[in-house]
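Per-entry structural report
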Amino acid sequence: MRAARIPGGGVQAVRWEGGPEGRLLLLDQRLLPVRFRELALEEAGAVAEAIRTMVVRGAPAIGIAAAYGAVLAAREARDRAGGRWREAAAPALERLAGARPTAVNLFWALERMGRAMDRAAAAGGDPVPALLEEARRIHAEDLEANRRMGALGAALLERPGAVLTHCNAGALATGGYGTALGVVRAGHAAGRITRVYANETRPWLQGARLTAWELAREGIPVTVLVEGAAASLLRSGRVTWVIVGADRIAANGDVANKVGTYGLAVLARRHGVGFMVVAPTATIDPQTPDGAGIPIEERDPAEVLGCAGARLAPEGVEAWNPAFDVTPAHLVDALVTERGVLRRPDREGIRRLLAAVPGNGRLLC
Ligand code: MRU
């Protein structure tokens, strides 16, 4: 099967096929790059399960998948409960919200779909066409935000050089194009990025499997390294910026992202390398005052105790498996959003950013 592609923007991990009675197609990211398989989903419960089990991952992609999941929830409820569909959809929406705890985009998208549901219920008639339209809008807005962030982030790269990234914040993790990898795409096209170092990102290997796959198939030079090698790489002077995405940004600018990001931020500051976070404003959670309030998902210890289904650690040994960590705002040199760039983000800067007119892309320094 061939990958569905966004023109100039990489592979499409999430797409809706057909009209209101259509289905959600998710690229099964657990199998990449060995196998390319899309799952066709027609029930909201299956979408929740796909988010939980990492078929679809990456904060914006999780939000978009959940938005389409809400369309399916409403459709099932309509078919089961007729005019009482709004209340009947609630359990499926709760299941979607419970799929993963850290990426705030999931809750952001479900809240937006919830408001669309209220409007559709008040209007009467079949709610599904309007809800599909809203989910499509969320998807299209994310893609547009990615492109804006790519241009804004690439403009921060003063001289051509190599960058280091962690996990996968690319087309696969978003509506297409990518956040951190959107900056990489734009920076490479502008001749400002010569190579991408990709941390392998234990235990799911999003860097080795997904980032390396995404970049290599577009001819962007990529070198995979184990996380433990990042310190020496940053000391070597070969990297100009560390560029990462985010799963949730607190009101004071603290950033939750894939576990290992905090260590990279400390290393970058120690070695005088810039640390850039690239995320749409949908990833900012003004309700969470600081990083201490961000729920950090802890996953099955088996993911750490083995690899690719084979047990490696001795029986009886325990593992701690937080999927994310929190980087304090003071270690972030630039926060790139679709509304502009914040240098050294803090509470006041985040407040101004959220108050800025969406889409004018002005620089807030
Ligand atoms: O566990 P994952 O693969 O969902 O974690 C993904 C990340 O941490 C990404 O860096 C983040 O969601 C940003 S994706 C644009």
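Keep in mind that this is a model prediction, so the values were computed, not measured.

A separate point is the overall build of the protein chain. Looking only at helices and strands, the protein chain features 12 helices and 18 strands. For 365 residues, the compact-globule estimate of 2.2 N^0.38 gives 21 Å, and the protein chain sits close to it at 20 Å. By principal-axis analysis of the C-alpha atoms, the protein chain measures approximately 65 × 55 × 40 Å. In the protein chain, which comprises 365 residues, the share counted as buried stands at 58%.

Strand order in the open sheet formed by 7 strands is S8-S7-S6-S9-S12-S17-S18, and the pairing between neighbours is mixed. Edge positions in the sheet fall to strand S8 (222-225) and strand S18 (340-343), since each has one partner strand and no second. Across this sheet, the average inter-strand angle for adjacent strands is 25°, counted without regard to direction. Inspection of the sheet shows strand S6 (residues 161-165) paired to strand S7 (residues 193-199) by 5 bridges, in the parallel sense. Each residue of the ladder has a partner; that of Thr165, found in S7, is Ala198. Packed on one face of the sheet, helix H7 (residues 180-189) meets S6, S7, strand S9 (239-244) and strand S12 (274-278) and runs near 155° to S7. Lying on the sheet, helix H10 (residues 261-270) is in contact with S6, S7, S9 and S12; it crosses S12 at an angle near 145°.

Around the ligand there are 18 residues in total, and Ala59, Gln206, Asp247, Asn257 and Lys258 lie nearest to it. In the model, an oxygen atom of the ligand is placed 2.8 Å from a nitrogen or oxygen of the Gln206 side chain. Lys258 places a side-chain nitrogen or oxygen 2.7 Å from an oxygen atom of the ligand. Surface burial for the ligand is 100%, taken as the share of its 410 Å² of free accessible area covered by protein chains.

The next point concerns the environment of Val128. Note on placement: Val128 falls in helix H6 (residues 128-154). Classification of Val128 by relative accessible area gives buried; the value is 0%. Separated by 19 residues in the primary sequence, Val128 and Arg147 place their C-alpha atoms 29 Å from one another. If we skip the residues at most four places from it in the chain, Val128 touches Pro20, Val71, Arg75 and Arg78.

Below, the discussion takes up the sheet that holds strand S3 (residues 14-17). Across the sheet, which stays open at both edges, the 3 strands sit in the order S3-S4-S5 with antiparallel pairing between neighbours. In this open sheet, the two strands that pair with only one neighbour each are S3 and strand S5 (38-41). Neighbour-to-neighbour, the strand axes of the sheet open up by a mean angle of 25°, direction not taken into account. Bridge analysis of strand S4 (residues 23-27) against S5 gives 4 bridges, and the strand direction is antiparallel. Paired with Leu25 across the bridge in S5 is Ala40. In the packing of helix H2 (residues 59-81) onto the sheet, contacts are made with S3, S4 and S5, and the angle to S3 comes to roughly 30°.

This part covers the domain arrangement of the protein chain. For the protein chain, the assigned domains are domain 1 (14-144) and domain 2 (148-364). Measuring from the centre of the C-alpha atoms in domain 1 to the corresponding centre in domain 2 gives 25 Å. Buried surface at the junction of domain 1 and domain 2, summed over both partners, amounts to about 2300 Å²; 56% is from carbon and sulfur atoms. The largest per-residue losses of area from domain 1 upon contact with domain 2 belong to Arg57, Thr102 and Val104, which jointly make up 25% of the total buried on that side. Between domain 1 and domain 2 we count 1 salt bridge in total. The shortest N-O distance in the salt bridge between Arg100 and Glu297 comes to 2.8 Å. Counting across the domain 1 and domain 2 interface gives 16 residue pairs in polar contact (both at pLDDT 80 or more).

Cut-offs and rules
- Residues numbered from 1 in each chain as written.
- Predicted model: local features only at pLDDT ≥ 70, side-chain atom pairs only at ≥ 80, totals over all residues.
- Heavy atoms only, no water.
- Helix = DSSP H or I, 4+ residues; strand = E, 2+ residues; numbered from the N terminus.
- Rg over C-alpha atoms; globule rule 2.2 N^0.38 Å.
- Buried < 20%, exposed > 50% of the residue type's maximum accessible area, 1.4 Å probe, protein only.
- Pairing = 2+ DSSP bridges.
- Axes fitted to C-alpha atoms, helices over the stretch in contact; angles between N-to-C directions.
- Contact = heavy atoms within 4.5 Å.
- Near = heavy atom within 4 Å.
- Polar contact = N/O pair within 3.5 Å; in protein donor to acceptor, adjacent residues only side chain to side chain.
- Areas by Shrake-Rupley, 256 points an atom, 1.4 Å probe, with all protein chains shown as cover.
- Domains from an automatic or database assignment.
- Buried area = accessible area lost by both parts, 1.4 Å probe.
- Salt bridge = Lys/Arg side-chain N within 4 Å of Asp/Glu carboxyl O.

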